Every structure is written in structure tokens, then in C-alpha cells.
Amino acid sequence: MMRLLLYFLLTLSISFFPLSDTAKAENYSVLYSVEVQRAVDFYEKNHDTLKDIFPGLSEKMLKMIYSVVAPEVSQYDPFKDFIEVKALEMKYVRNGNCDYSIGRFQMKPSFVESLEKEVFNSASLKKKFGKYLGYATGEDPVTVRKERLKRMCESEWQMRYLAIFIEVAKRRTAKWGLKGNEEKLRCWATLYNAGPYLSRQRVSNRQKVKQFPRGTKEFNYSAVAVELYKVLLEL
């Protein structure tokens, strides 16, 4: 905790001195220190739940996996989320034609649907995750979409979907020759942010694009994920 305090004191001190545009652009924690603390607070508050959903992982690996979504948590806007959930209730549930990102992890219904399909199309994934993914409401599409949206509004359910995504990402990148946690994190975060079915080349291309946060587009999402991972390692 002392190392984390020193980290933020250093970040705060930097903000009082002129920085070049390049230096500013390279440090998300300088420009968004409040948002970074929001992501840290969520991790600490939900640590036990994360441990339950990702059993057997080391603390370092748990922080790495959480860092895939930590940039989204840092920028979470409850008012925007409320509006978009209401839109999904009216449009997505009715006909499936609305696809806003919601929740702390900013998941889209289409993303969650793709993860559910991955589970039920794979015997090993179904064995691991199928026990809690089934819909007791039957086959009616409207009722299923309503239940899916209800789940997506709960942080614990988003953690479960994150667990599925990580398994899918591990399988997709198994032959990519990724070395070290940071390289894996960059790839997984890019797949999470830009689409889980991107090719290796498209992932590399996306890592060069600054598109985060959505309003200002000052940073690359995967780079922010790695930066937040380093912050979490100081805890």
C-alpha cells in the first residue's frame, strides 16, 4: 500500500510541473488519476468475488485478468449507463436490434451472446461454465434477452462473462507466441475492446490506434490496461 501511495504522490507531483505533450500522452494515470483510483477501488472492493470466480489464480494473474477490463471500470459513468440500460430494455429486449455497452465492464449484448455461443459449442467450455449459463425461462427470445440483460446489469455476472472471455482469448492466442504477462494482456485487452475474433495482424494494428477514452481518444486501450496492471501490482 505504501508503494501505491508513493506512486500516486509521484503522479500528483508531476501534474504541478509542465510536461511535454508527448509525456502527457504517454501517461494515463497523470491525466486520469481519479479514474485510475476508481478502477483500483473496484478491484479492492470486489477482490473476494473475483477470487471465487477465478479460483486458484495467483494474485498477480488475477490482477492481470482484471486489467483487461480496468480501463472501462475507470471511465464508468453511472448516468450514461442508466440511459443505455433503459434503451436496451426498450429496444434490445423487444427485437434484439440495440447494442449499447453497459455495466462496469461495458459489455454489449452481442458480445455476451457470442460468449454464450462459444460455451455451448464447446464441450470443455460447457462443462466449465454451462452450469450457470442456461436460461430457465425457456426458448422464448424476448424472455431470454430480458434475462440476459438483467444479468449484464450485475457486476458479478459481468465477472463471470469475463471468465468466459479469458478462456476464449487464451484459446485464440495459444499459437500466437505471446511472451510474458504484458504482451498477453495487450492482446487480450485488444480482443476485449475491439472484438474477440480479430486476427493477429488486426490486433497488432489496433494496438497502434488511440481510441480511448471514447470522448477524447488520447490513448490506446491495451496500453492503458498495461498501465493499470502496473498500478495494481503496487497494491
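We now turn to the structure provided with this report. This is a predicted model, so every value here is computed, not measured.

1. Observations regarding the side chain of T190
Consideration 1: Structurally, T190 can be placed in helix α13 (residues 180-194).
Consideration 2: Side-chain polar atoms of T190 contact the backbone oxygen of R186, separated by 2.7 Å.
Consideration 3: The residues touching T190, leaving out its near neighbours within four places in the chain, are G195, V203, R206, Q207 and S222.

2. A short note on a nonpolar patch on the surface
Consideration 1: Together, F79, F82 and I83 give the surface a local cluster of nonpolar side chains, amounting to about 350 Å² of exposed area.
Consideration 2: Following the sequence through the fold, F82 ends up in helix α8 (residues 78-95).

3. Observations regarding the environment of R151
Consideration 1: The topology assignment puts R151 in helix α11 (residues 141-152).
Consideration 2: Given a relative accessible area of 5%, R151 falls into the buried group.
Consideration 3: Sequence-distant contacts of R151, defined by excluding residues within four places in its chain, comprise Y132, L133, G134, Y135, W157 and Y161.

4. Points about helix α9 (residues 109-120)
Consideration 1: Between the first and last C-alpha of α9 there are 17 Å, a value that for 12 residues agrees with the 16 Å anticipated at 1.5 Å per step.
Consideration 2: Among all positions of α9, only P109, F111, V112, S114, L115, E116 and V119 are buried.
Consideration 3: Tucked inside the fold, the buried residues of α9 contact α8, α10 (123-133), α11, α12 (155-173) and α13.

5. Some details on unusual backbone geometry
Consideration 1: Looking along the chain, the bond that leaves F212 and enters P213 is cis, with omega of -10°.
Consideration 2: Unlike most non-glycine residues, Q106 shows phi in positive territory, near 50°.
Consideration 3: Structurally, the position occupied by Q106 is in the loop between α8 and α9.
Consideration 4: A positive phi angle, near 50°, is found at K217, a position not held by glycine.
Consideration 5: With respect to the helices and strands, K217 occurs in the loop between α14 (200-206) and α15 (221-233).

6. Examining the packing of α13 against α15
Consideration 1: Two elements in contact, α13 and α15, have axes separated by 8 Å at closest approach and are oriented at 130°. Regarding the angle of α13 to α15, the classification is oblique. Judged by the sense of rotation from one axis to the other, the crossing of α13 with α15 is right-handed. For the pair α13 and α15, contact is made by N181, E182, L185, R186, A189, T190, Y192 and N193 and by Y221, S222, A223, A225, V226, Y229 and K230, respectively.
Consideration 2: For the contact of α13 with α15, the residue count by class is 8 nonpolar, 4 polar and 3 charged.

7. A closer look at the pattern of salt bridges
Two side chains bearing opposite charge may form a pair once their charged atoms approach each other closely.
Consideration 1: The final tally for this structure, using the stated rule, is 9 salt bridges.
Consideration 2: Between E116 and R148 there is a salt bridge whose closest N-O contact spans 2.8 Å. With E116 in helix α9 and R148 in helix α11, this residue pair connects regions lying 32 residues apart in the sequence.
Consideration 3: Classification of E116 by relative accessible area gives buried; the value is 5%.
Consideration 4: In this structure R148 comes out as buried when scored by relative accessible area, which is 8%.
Consideration 5: We note a salt bridge from R200 to E183, for which the minimum N-O separation is 3.6 Å. Here R200 is found in helix α14, whereas its partner E183 is found in helix α13, with 17 residues between them in sequence.
Consideration 6: Of the residues examined, E183 reaches a relative accessible area of 29% and is grouped as partly exposed.
Consideration 7: Connected through salt bridges with shared partners, the residues E113, E116 and R148 form a single ionic network.

8. Looking at the nonpolar core
Consideration 1: One finds Y66, F105, L162 and F165 to be the most contacted residues of the largest nonpolar core, which totals 68 residues.
Consideration 2: Top contributing element to this core by residue count: α12, with 10 residues.
Consideration 3: Not counting residues within four places of it along the chain, the set of residues in contact with F165 comprises V68, F111, L115, W188, L191, Y192 and P196.

Reading the values: the criteria
- Residues numbered from 1 in each chain as written.
- Predicted model: local features only at pLDDT ≥ 70, side-chain atom pairs only at ≥ 80, totals over all residues.
- Heavy atoms only, no water.
- Helix = DSSP H or I, 4+ residues; strand = E, 2+ residues; numbered from the N terminus.
- Polar contact = N/O pair within 3.5 Å; in protein donor to acceptor, adjacent residues only side chain to side chain.
- Contact = heavy atoms within 4.5 Å.
- Patch = residues over 30% accessible without salt bridge, like charges linked within 9 Å, V, L, I, M, F, W, Y side chains within 5 Å.
- Areas by Shrake-Rupley, 256 points an atom, 1.4 Å probe, with all protein chains shown as cover.
- Salt bridge = Lys/Arg side-chain N within 4 Å of Asp/Glu carboxyl O.
- Buried < 20%, exposed > 50% of the residue type's maximum accessible area, 1.4 Å probe, protein only.
- Expected span 1.5 Å × (residues − 1).
- Axes fitted to C-alpha atoms, helices over the stretch in contact; angles between N-to-C directions.
- Parallel < 35°, antiparallel > 145°, perpendicular 65-115°, else oblique.
- Left-handed = near helix turned anticlockwise from the far one by under 90°.
- Nonpolar A, V, L, I, M, F, W, Y, C, P; charged D, E, K, R; others polar.
- Core = buried A, V, L, I, M, F, W, Y, C linked by side-chain atoms within 4.5 Å.

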